[in-house]
Amino acid sequence: MESPVTVFTQIPDFLDYLGSDLATTIAKTTALANLDLNPKFPFLCSRHYADLIKKANDPAALLCEILPTKDELKKVDGFVDDPVGDLPAGKSDCVIQKYDQRALIVSTATCGARCRFCFRKNYPFQNTPDVARQVSHWLNTHTDVWEVILSGGDPLTLGPGAFRELIEAIAMHPSVTTLRIHTRLPVMHPDLVMQHFELLRELPARFSCVLVSHVDHADELDEESATVFAQLRFSGWTLLNQSVLLRGISDDAAKLNALCRKLFEQGVLPYYLHQLDHANGVAHFEVSDDEARKLIAEIRTKLPGYLVPKLVREIAGEKSKTPI
Ligand SMILES: *Cc1c(COP(=O)(O)O)cnc(C)c1O
Ligand code: SF4
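Residues numbered from 1 in each chain as written. Chains lettered and ligands numbered in written order. Predicted model: local features only at pLDDT ≥ 70, side-chain atom pairs only at ≥ 80, totals over all residues. Heavy atoms only, no water.

Residues and numbers for the packing of helix H12 (residues 253-265) against helix H13 (residues 289-300), please.
Two elements in contact, H12 and H13, have axes separated by 9 Å at closest approach and are oriented at 55 degrees. Here H12 lies oblique to H13, going by the angle between them. The chirality of how H12 crosses H13 is right-handed. From H12, Ala253, Leu256 and Asn257 reach across to H13, where they touch Leu295, Glu298 and Ile299. (Axes fitted to C-alpha atoms, helices over the stretch in contact; angles between N-to-C directions. Helix = DSSP H or I, 4+ residues; strand = E, 2+ residues; numbered from the N terminus. Parallel < 35°, antiparallel > 145°, perpendicular 65-115°, else oblique. Left-handed = near helix turned anticlockwise from the far one by under 90°. Contact = heavy atoms within 4.5 Å.)

See below:
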């Protein structure tokens, strides 16, 4: 028996799965009128995300996040391949350290989907075969590092064995007291998060644990993400969210408001709202700083202070994210 499709790699199959009602939505959405069926940064979407699109109030927003368009081919001044200076900050194949006493690990090149606005879209991503050993080796000589951030790609796409091996390698270094995971899987592949649950549940006994989800639109949150977040919170994880401010997706005070409130309903606090990193091929998602400030000012009048994310940008070479 064929196993059910869990990811789509071909746009026509994906559109077939969405069905004809959504095809009409797509045709009507100006940004999607120029689909690129053969993009340089490949198309990838989970079936779970396709199902979210099917039940979304605002399917066009979610579609814009994952459907490649010809806008990505435009060369725009100031948009480059490595906008956040990852390459000069790479300390070994998979460790990036930009900030004092904190390190980020590119634990895998795999993601649950390919987001069209990805800042690492042109990054020479590759899977490092021996991440755990490299990280351990690096931490041996960097005993001042107390926070280790697992990023990617998406660290939760690692198989349970590789994921455990990486965590064990980090846990051998007593200087590391905080473990942080950045992931989009609670909205892309909630079932894959659950496969790590036994380990995730044990971790708060060994580290202070922070999970930063990447959710950009309220329609990405459903009962399944709620279950994942509830289980993590129950196990002792601190849950935060970061979003990217995106033209046509979240550049609207009502949408941001809905996102922040729904995150909180699921036990997650808004952390950052990022201005877009200027990677080649993402310029059409840009929202100006002035507009961004206005949006934040507007949601500040509608939400409690703890639900208003910090508006920031990452500037290569700076020692922290920069408030706008
Ligand atoms: C963004 C980032 C961090 C985390 O920064 P916070 O402001 O603590 O969220 C750490 N390391 C690198 C390389 C980063 O890009
Ligand atoms: S999940 Fe993150 S790293 Fe992966 S494509 Fe999306 S934005 Fe890029």
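So what's going on with the site of ligand 1? Which residues, and what values?
Around ligand 1, a shell composed of Ile96, Lys98, Tyr99, Arg102, Leu104, Ile149, Arg180, Tyr271, Tyr272, Glu314 and Lys321 is seen. Arg180 has a polar side-chain atom sitting 2.5 Å from an oxygen atom of ligand 1. In the complex, 89% of the free accessible area of ligand 1, which totals 380 Å², lies under the protein chains. Mapped by element, the contributors of at least two residues to the shell around ligand 1 are strand S3 (95-99), strand S4 (102-106) and strand S9 (269-274). If one sorts the elements of the shell around ligand 1 by residue count, S3 sits on top with 3 residues. A breakdown of the residues in the shell around ligand 1 according to their chemical character gives 6 nonpolar, no polar and 5 charged. (Near = heavy atom within 4 Å. Polar contact = N/O pair within 3.5 Å; in protein donor to acceptor, adjacent residues only side chain to side chain. Areas by Shrake-Rupley, 256 points an atom, 1.4 Å probe, with all protein chains shown as cover. Nonpolar A, V, L, I, M, F, W, Y, C, P; charged D, E, K, R; others polar.)

How would you summarise the packing of helix H3 (residues 47-55) against helix H4 (residues 59-66) if you had to cite specific residues and measurements?
Two numbers describe how H3 lies on H4: the axes approach to 8 Å, and their chain directions differ by 150 degrees. Our classification of the angle between H3 and H4 gives roughly antiparallel. Between H3 and H4 lies a crossing whose hand is left-handed. Along its contact with H3, which presents Tyr49, Leu52 and Ile53, the element H4 presents Pro59, Leu62, Leu63, Glu65 and Ile66. Taken together, the residues that form the contact of H3 with H4 break down as 7 nonpolar, no polar and 1 charged.

So what's going on with the site of ligand 2? Which residues, and what values?
Around ligand 2, the neighbouring residues are Cys111, Ala113, Arg114, Cys115, Cys118, Gly153 and Arg184. With respect to the detected pockets, ligand 2 is housed in the largest pocket. (1 Å grid on protein atoms, 1.4 Å probe; cavity = no way out; pocket = protein on both sides within 12 Å on 5 of 7 lines; lining within 4 Å. Sits in = over half its atoms within 2 Å of the grid points.)

Give a description of the nonpolar core that names residues and reports values.
Counting residues in hydrophobic clusters, the biggest one holds 72 residues, and the most contacted among them are Phe14, Leu150 and Ile170. If we skip the residues at most four places from it in the chain, Phe14 touches Phe8, Phe43, Cys45, Ala50, Ile53, Leu63, Ile66 and Leu67. (Core = buried A, V, L, I, M, F, W, Y, C linked by side-chain atoms within 4.5 Å. Buried < 20%, exposed > 50% of the residue type's maximum accessible area, 1.4 Å probe, protein only.)

Give a description of the pattern of salt bridges that names residues and reports values.
The final tally for this structure, using the stated rule, is 22 salt bridges. Between Arg184 and Glu65 there is a salt bridge, with the nearest N and O atoms lying 2.7 Å from each other. Of this pair, Arg184 sits in the loop between strand S6 (178-183) and helix H8 (185-188) while Glu65 is found in helix H4, placing the two residues 119 residues apart along the sequence. The buried category is assigned to Arg184, whose relative accessible area is 9%. Connected through salt bridges with shared partners, the residues Glu65, Arg184, Asp216 and Glu220 form a single ionic network. (Salt bridge = Lys/Arg side-chain N within 4 Å of Asp/Glu carboxyl O.)

Summarise empty space enclosed by the protein; cite the residues concerned and give the values.
The full count for this structure, using the stated rule, is 1 cavity of 30 Å³ or more. As for the largest cavity, its lining consists of Asn241, Ser243, Leu256, Leu259, Cys260, Leu263, Pro270, Tyr272, Leu273 and Pro309. The residue makeup of the lining of the largest cavity, split by class, is 8 nonpolar, 2 polar and no charged. (Points joined across faces, edges and corners; volume = space filled by probe spheres on them.)

For the pairing of strand S5 (residues 147-151), give the residues involved together with the corresponding values.
Remark: a regular strand shows side chains that alternate across the two faces of the sheet. The buried fraction of S5 amounts to 5 of the 5 residues, a majority that puts the element mostly inside the structure. Residue alternation in S5 divides its side chains into two sets, Glu147, Ile149 and Ser151 and Val148 and Leu150, and both sets are buried. Handedness of the crossover joining S5 and S6 through helix H7 (residues 160-171) is recorded here as right-handed. (Right-handed = clockwise from strand over helix to strand, strands pointing away.)

Before we move on, can you summarise unusual backbone geometry with the specific residues and values?
Here the amide bond leading from Gly152 into Gly153 is cis, since omega sits at 10 degrees, within 30 degrees of zero. Here Gly153 shows up in the loop between S5 and H7. Despite not being glycine, Gln101 shows a phi value in the positive range, around 60 degrees. Inspection of the secondary structure assignment puts Gln101 in the loop between S3 and S4.

Now, about the environment of Thr24: what can you tell me, with residues and values included?
Of note, Thr24 is situated in helix H2 (residues 20-28). Using a relative accessible area of 43% as the deciding quantity, one classes Thr24 as partly exposed. Put simply, Thr24 and Leu203 are 179 residues apart on the chain and 46 Å apart in space, counted from C-alpha to C-alpha.

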